[in-house]
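For reference, the chains in residue letters:
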Amino acid sequence: MQVNVMERTTFYLKYGKRLLDLIVASILLPIISILILVISFLLLVFSGRPIFFKQYRTGVHFEEFKIWKFRTMKCHQLGKEEKDWQEGVPDDFIFKGALDSRITTIGKLLRKWSLDELPQIINVLKGEMSLVGPRPEVPDITSFYNADQSRRLYLKPGITGLAQINGRSDISHGQKVEYDIDYVENCSFVLDIKILIRTIRVVFNGEGAY
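Structural notes on the overall build of the protein
- When helices and strands are tallied, the protein shows six helices and four strands.
- Along the protein, helices (α) and strands (β) appear in the sequence α-β-β-α-α-β-α-β-α-α when read from the amino end.
- Relative to its full complement of 210 residues, the protein shows a buried share of 44%.
- The long-range share in the protein, meaning contacts at least 24 apart out of those at least 6 apart in sequence, stands at 77%.
- Carbon and sulfur atoms provide 61% of the accessible area of the protein, an area that totals close to 12,200 Å².

Pasting the structure below:
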C-alpha cells in the first residue's frame, strides 16, 4: 500500500517527532547534566543566586508553560512597555538587542553559545517543547498575534528552529514569523535533522546571539 507525502508527514508529527525528541534528549542527557552542574557552579560563584530563570511562555495552541533557562541578566527588571498593536505584532519589532545593560558578563558568554538554553531539555522531556520548532514567545507578545502570526503556534515550540539557524536575534519579528510558518508547513524528519546539524555550526560560531 502506497503512503503519500501528507500521510507520512502526519505520522511524523503525531509519533515520529516525539520519538526523535526522546531519543536525542536521552543520548545527550548525560553530557548536558554535567554541563548544567558546571555552569550552575560558575553562576553561583560569579553571579550569585538565583541560578535558574523561570518564565511563562506560550506553547502550542496558545497553551502556556514554564520555561527553564540559566539566569543571564541582573535580578532587577524593567517595567513592562505598554503596547498599542491593533493589527498584530509589527514586523519590524525586535525583542532584545546586544546592548542590554542588564546582561551579566557570564550571561553574555552563555548566550553567545546558547548554553543558557540547556535546562530546556527538561521542557523537552516533559513534552512541553520539542528539540526543533518555533522559539517560545512570551504571552505579552503572543497576546497581540493576528491570525497569520498565530500559525507559528500550530506546533510545539523548539530549542532551535529555522529562525535560529537563519539569524537568531539579528532578524526582526516579521522575518522570524516567516521562518516559523515555513517550518510549520514543511516540518519533516529530514528537515529536523538538517536544522539540528546546522544549529551546531551556528552555535559554535556564536552567530546572532545576544
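Some thoughts on the nonpolar core
- Within the largest apolar cluster, 28 residues are counted, with the highest numbers of intra-cluster contacts made by Ile39, Leu43, Phe70, Leu110, Leu118, Tyr183 and Ile195.
- Counting only elements with at least two residues in this core, the list comes to α1 (5-46), β2 (64-70), α2 (105-112), α3 (121-126), β3 (130-132), α5 (173-186) and α6 (189-205).
- Residue contacts for Phe70: discarding those within four places in its chain leaves Ile36, Ile39, Ser40, Leu43, Ile51, Phe52, Phe53, Leu110, Leu115, Asp116, Leu118 and Pro119.
- Membership of the second largest hydrophobic core comes to seven residues, among which are Val89, Phe93, Val138 and Tyr145.

Let's talk about the pattern of salt bridges
- In total, this model carries nine salt bridges according to the counting rule given.
- In this structure, Glu128 engages Lys126 in a salt bridge whose closest nitrogen and oxygen atoms are separated by 3.4 Å.
- Its relative accessible area of 53% is what places Lys126 among the exposed residues.
- Linked through salt bridges whose partners overlap, the residues forming this network are Lys69, Asp116, Glu117 and Arg135.

Quick word on the packing of aromatic side chains
- Per the counting criterion, the structure on display carries five aromatic pairs.
- Ring centres 6.1 Å apart and planes at 75 degrees place the aromatic pair Tyr12 and Phe189 in the edge-to-face group. Of this pair, Tyr12 sits in helix α1 while Phe189 sits in helix α6; the two residues are 177 residues apart in sequence, bridging distant segments of the chain.
- What makes Phe189 partly exposed here is its relative accessible area of 44%.
- Seen from their ring centres, Phe52 and Trp68 are 5.6 Å apart, and the 70 degrees between their planes marks the pair as edge-to-face. A residue pair is termed long-range when its members are at least 10 positions apart, and Phe52 in strand β1 (residues 52-58) and Trp68 in strand β2 qualify at 16 residues.

Observations regarding unusual backbone geometry
- In this chain, Arg49 is followed by Pro50 through a cis amide linkage whose omega measures -5 degrees.
- Phi is positive for His61, close to 55 degrees, though the residue is something other than glycine.
- Here His61 is to be found in the loop between β1 and β2.
- Phi at Ser114 is positive, roughly 55 degrees, even though this residue is not glycine.
- Along the polypeptide, Ser114 turns up in the loop between α2 and α3.

Thoughts on the pairing of β2
- Of the pairings in the sheet, the one linking β1 to β2 comprises seven bridges and is antiparallel in character. Considered in β2, the bridge of Lys54 is made with Trp68.
- Turn length for the β1-β2 hairpin, with the two strands adjacent in sequence and antiparallel, is five residues, and the turn residue His61 shows positive phi of about 55 degrees.

Details of α2
- Along α2, the positions that sit buried rather than exposed are Ile106, Gly107, Leu110 and Arg111. Buried residues of α2, seen end-on, are gathered within an arc of 135 degrees and therefore sit on one face of the element. Away from the buried face of α2 by more than 90 degrees, exposed residues Thr105 and Lys108 are located.
- Among the residues of α2, the N-terminal cap falls to Thr104, whose side-chain oxygen and the backbone nitrogen of Gly107 are separated by 3.0 Å.
- Positive backbone phi, at 55 degrees, marks Ser114, one or two positions downstream of α2.

Parameters and conventions
- Residues numbered from 1 in each chain as written.
- Predicted model: local features only at pLDDT ≥ 70, side-chain atom pairs only at ≥ 80, totals over all residues.
- Heavy atoms only, no water.
- Helix = DSSP H or I, 4+ residues; strand = E, 2+ residues; numbered from the N terminus.
- Buried < 20%, exposed > 50% of the residue type's maximum accessible area, 1.4 Å probe, protein only.
- Contact = heavy atoms within 4.5 Å.
- Areas by Shrake-Rupley, 256 points an atom, 1.4 Å probe, with all protein chains shown as cover.
- Core = buried A, V, L, I, M, F, W, Y, C linked by side-chain atoms within 4.5 Å.
- Salt bridge = Lys/Arg side-chain N within 4 Å of Asp/Glu carboxyl O.
- Phe/Tyr/Trp six-rings, centres within 6.5 Å; stacked < 30°, edge-to-face > 60°.
- Pairing = 2+ DSSP bridges.
- Arc of directions from axis to C-beta.
- Polar contact = N/O pair within 3.5 Å; in protein donor to acceptor, adjacent residues only side chain to side chain.

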